[in-house]
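Here's the letter readout for the chains.
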Amino acid sequence: PAGGALLAIGLAYPPLAQLLGQAISLATTWAMTGNYAPQGAKPSRFSARSALNDFLEGGAWLLQRRLLVVLACAICLLNFSISGTLMTLTLSYTQTGTSPVALGALMATVSASMMVGALCAGYLVQNLPTGRVLIAGFLTFTICLGLLPWLPGIGWVGFTLALAALVIPTLNAGLLGFLTLITPNDILGRVQSLIGFVAVG
């Protein structure tokens, strides 16, 4: 919702806010001084070479496990799809002269729907079979995004996008939860970092 409000002010403000958030995240992570190595492992001093080695090691381990590769691809496609859709809609509506307030309201609606979905995600993942949740969620998400080009106006687009956004937290929770469960602790951070890097990239 804050991103939607920023978008109503100007197109440049949401990416600037995201850049600021990432800079704060980098600074606070860099300032962490505790020992976060897995139990029994010796803490190592950070360097670009060690980070690259960890990145490559995580990638090599992941590529040897077909199921994890499929899960990683699903996570990346899910996040790429919603980000790409929102960016495409933002640029399209901007070019057609849609009011910044209407566009901001659209993005705020999608964000609010995702927050509601996040409140339900834990319950759904804990109480329903993960495979069925993922299949139903991906079907809902795909149908909603597939309908967007044929919808008559921004109101219908907002409703359909909100429905798609509602299932995203549950899909992420199911995928990441399962991935966390089946990945050994000593390689988990590297695998998650790799997937996060690819998804955001």
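Residues numbered from 1 in each chain as written. Predicted model: local features only at pLDDT ≥ 70, side-chain atom pairs only at ≥ 80, totals over all residues. Heavy atoms only, no water.

Considering the overall build of the protein chain
Using the following cut-off: Numbering goes from the N terminus for both helices and strands, where a helix is a DSSP run of H or I of at least four residues and a strand is a run of E of at least two. Per-residue accessibility, obtained with a 1.4 Å probe over protein chains only, is compared with the maximum for each type, and a residue is labelled buried under 20%, exposed over 50%, and partly exposed between these values. Should any heavy atoms of two residues lie within 4.5 Å, those residues are considered in contact. All accessible areas in this document rest on Shrake-Rupley with a 1.4 Å probe, and a residue is counted as covered only by the protein chains that are shown.
When helices and strands are counted, the protein chain shows 8 helices and 0 strands. Taken from the N to the C terminus, the helices and strands of the protein chain come in the order α-α-α-α-α-α-α-α. Based on the C-alpha atoms only, the size of the protein chain along its principal axes is roughly 60 × 40 × 25 Å. When the 201 residues of the protein chain are sorted by exposure, 29% land in the buried category. For the protein chain, long-range pairs separated by at least 24 residues make up 76% of all intrachain contacts whose partners lie at least 6 apart in sequence. Just so you have it, the protein chain exposes about 12,800 Å², and 69% of that area is on carbon and sulfur atoms.

Points about the pattern of salt bridges
Defined as follows: In the sections that follow, a salt bridge refers to a side-chain nitrogen of Lys or Arg positioned within 4 Å of a carboxyl oxygen of Asp or Glu.
Summed over the entire model, instances satisfying the criterion amount to 1 salt bridge. Residue R190 pairs with E57 through a salt bridge whose shortest N-O separation is 2.8 Å. Of the two residues, R190 sits in helix α8 (residues 185-200) while E57 sits in helix α3 (residues 48-63), which places them 133 residues apart along the sequence. A residue is classified by how much of its surface remains accessible, and R190, at 24% relative accessible area, is partly exposed.

Some thoughts on the nonpolar core
Selection criterion: Nine residue types can take part in a nonpolar core, namely buried Ala, Val, Leu, Ile, Met, Phe, Trp, Tyr and Cys, and a core is a set of them joined through side-chain atoms within 4.5 Å.
In this structure, F141 and L161 are the most contacted members of the largest nonpolar core, which totals 35 residues. Contributing elements (two or more residues each) for this core: α3, α4 (66-95), α5 (100-127), α6 (130-147), α7 (154-182) and α8. Among the elements that take part in this core, α4 stands out by supplying 10 residues, more than any other. Excluding residues within four positions of it along the chain, L161 makes contact with I82, T85, L86, L89, L106, V110, L145 and L148.

Considerations on the packing of α5 against α7
Test applied: Simply put, an axis is a line fit to the C-alpha atoms, just over the touching stretch for a helix, and the angle between two N-to-C directions goes from 0 to 180 degrees. For classification purposes, an angle smaller than 35 degrees is called roughly parallel, one larger than 145 roughly antiparallel, one from 65 to 115 roughly perpendicular, and anything else oblique. In this scheme the crossing of two helices becomes right-handed for a clockwise turn of the near helix relative to the far one and left-handed for an anticlockwise turn of less than a right angle. All amino acids are sorted into three groups, where Ala, Val, Leu, Ile, Met, Phe, Trp, Tyr, Cys and Pro are nonpolar, Asp, Glu, Lys and Arg are charged, and the leftover types, Gly among them, are polar.
One can describe the packing of α5 onto α7 by two numbers: an axis separation of 7 Å at closest approach and a directional angle of 30 degrees. Relative to α7, the element α5 lies roughly parallel. When you trace α5 past α7, the crossing you get is right-handed. Taken together, the residues of the contact of α5 with α7 break down into 19 nonpolar, 6 polar and no charged.

Considering the packing of α4 against α8
Running from amino to carboxyl end, α4 crosses α8 at an angle of 35 degrees, the nearest separation of the two axes being 8 Å. For the pair α4 and α8, the crossing hand works out as right-handed. In contact with A72, I75 and C76 of α4, α8 contributes I195, V198 and A199. Of the residues that constitute the contact of α4 with α8, the class distribution is 6 nonpolar, no polar and no charged.

Digging into the side chain of N172
In this structure, N172 sits in helix α7. Not counting residues within four places of it along the chain, the set of residues in contact with N172 comprises I75, L78, N79 and G177.

So, the confidence of the model for the protein chain
Quick note on the threshold: pLDDT is a residue-level measure of predictor confidence that goes from 0 to 100.
Mean pLDDT over the protein chain stands at 85; residues scoring 70 or higher make up 94%. When mean pLDDT is taken per element in the protein chain, α6 scores highest with 92 and helix α1 (residues 2-9) scores lowest with 78.

Considering the environment of T28
Going by this rule: N or O atoms within 3.5 Å of each other form a polar contact, as long as, within protein, one can give a hydrogen and the other can take it, and as long as residues adjacent in sequence are counted only when both atoms are side-chain atoms.
Relative to the assigned elements, T28 resides in helix α2 (residues 13-30). Between the C-alpha atom of T28 and that of F55, which follows or precedes it by 27 residues, the distance is 21 Å. A distance of 3.1 Å separates a polar atom in the side chain of T28 from the backbone oxygen of S25.

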